[in-house]
Amino acid sequence: MPAHILGISGSMRVPSATRYAVEVALRGAAETGAITEFIDIADAGLPFCDGRDNEDTYPEPVQRFRAMIQNAQGVIIGTPEY
């Protein structure tokens, strides 16, 4: 069974070297047979964390992002340096 790898780009810049680096890493994972998935935080529509107690009340983009992470067997996180 192939591994499921999630790549996350945390850059808000366009174009983004961080996004490119994550995409390259995911291509390498795919070449080894992994199933890959990618999310760009700049496009995801995620709100800032507000510390609410009931996680079910977070909007759909947050629920989708959480499910992506929970379903992944590996995560590649690209963060820019500011």
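The structure we're discussing is the one just above.
Everything in this summary refers to the structure shown in the same document.

Okay, the overall build of the protein chain next. Each helix and strand in the protein chain was counted, giving two helices and three strands. Of the regular secondary structure in the protein chain, the N- to C-terminal order runs β-α-β-α-β. Dimensions of the protein chain, computed from C-alpha atoms along their principal axes, come out at roughly 40 × 35 × 15 Å. Taken over 82 residues, the protein chain has a buried fraction of 28%. Intrachain contacts of the protein chain at a sequence separation of at least 6 include 65% that bridge at least 24 residues. Averaging the positions of the 6 positive and the 11 negative side-chain charges in the protein chain gives two centres separated by 4 Å.

Another point: the sheet that holds strand 1 (residues 4-9). On the basis of which strands lie adjacent, the open sheet formed by three strands has the order 2-1-3 and parallel pairing. Strand pairing shows two members of the sheet lacking a second neighbour, strand 2 (35-40) and strand 3 (74-78), which therefore form its edges. Looking at each pair of strands side by side, their axes are set apart by 15° on average, direction ignored. Two strands pair when backbone bridges link them, and strand 1 and strand 3 are joined in this way by five bridges, in the parallel orientation. Along strand 3, the bridge assignment pairs Ile5 with Gly74. Running over the sheet, helix 2 (residues 60-71) touches strand 1 and strand 2 and is turned about 135° from strand 1.

Across its 15 residues, helix 1 (residues 17-31) extends 21 Å between first and last C-alpha, which sits within 8% of the 21 Å expected from 1.5 Å per residue. Those residues of helix 1 that fall on the buried side of the exposure criterion are Thr18, Val22, Leu26 and Ala29. Considered in projection along helix 1, the buried side chains sweep an arc of 70° and stay on one side of the axis. What points out from helix 1, more than 90 degrees from its buried face, is the exposed set Ala17, Tyr20 and Glu31. You can read the cap of helix 1 off the contacts: a side-chain oxygen lies 3.2 Å from the backbone nitrogen of Thr18, and it is on Ser16.

In this section: the environment of Asn54. The topology assignment puts Asn54 in the loop between strand 2 and helix 2. The exposure class assigned to Asn54 is partly exposed, which follows from its relative accessible area of 40%. Linking Asn54 and Ala29, residues 25 residues apart in sequence, is a C-alpha distance of 35 Å.

Calculation rules
Counting restarts for each chain, with residues numbered from 1 along the sequence as it is written. Side-chain atom pairs in this predicted model are given and counted only at pLDDT of 80 or more, local residue features only at pLDDT of at least 70, and totals for whole chains, interfaces and linings cover all residues. To get the side-chain values, take all heavy atoms of the structure and skip hydrogens and water. Secondary structure counts use DSSP, requiring at least four H or I residues in a row for a helix and at least two E residues in a row for a strand, with both numbered from the N terminus. Burial classes: relative accessible area under 20% of the type maximum marks a residue as buried, over 50% as exposed, and values in between as partly exposed (1.4 Å probe, protein chains only). Two residues qualify as a contact provided that any one of their heavy atoms is within 4.5 Å of a heavy atom in the partner residue. His is not counted, nor are the chain ends, whereas Lys and Arg count as positive and Asp and Glu as negative. Where a charge sits is defined by one atom per residue type, namely NZ (Lys), CZ (Arg), CG (Asp) or CD (Glu). Any two strands are treated as partners once DSSP identifies two or more bridges connecting them. Only the stretch in contact is used when fitting a helix axis, every axis being a line fitted to C-alpha atoms; angles between N-to-C directions are given from 0 to 180 degrees. Expected span, for any helix, means 1.5 Å times one less than how many residues it has. Picture the helix axis, draw a direction to every C-beta atom, and the arc is the one those directions span. Polar contacts here mean pairs of N or O atoms no more than 3.5 Å apart (in protein, one a potential hydrogen donor and the other a potential acceptor; neighbouring residues in sequence count only if both atoms are side-chain atoms).

These values are about where atoms sit, not about what they do.
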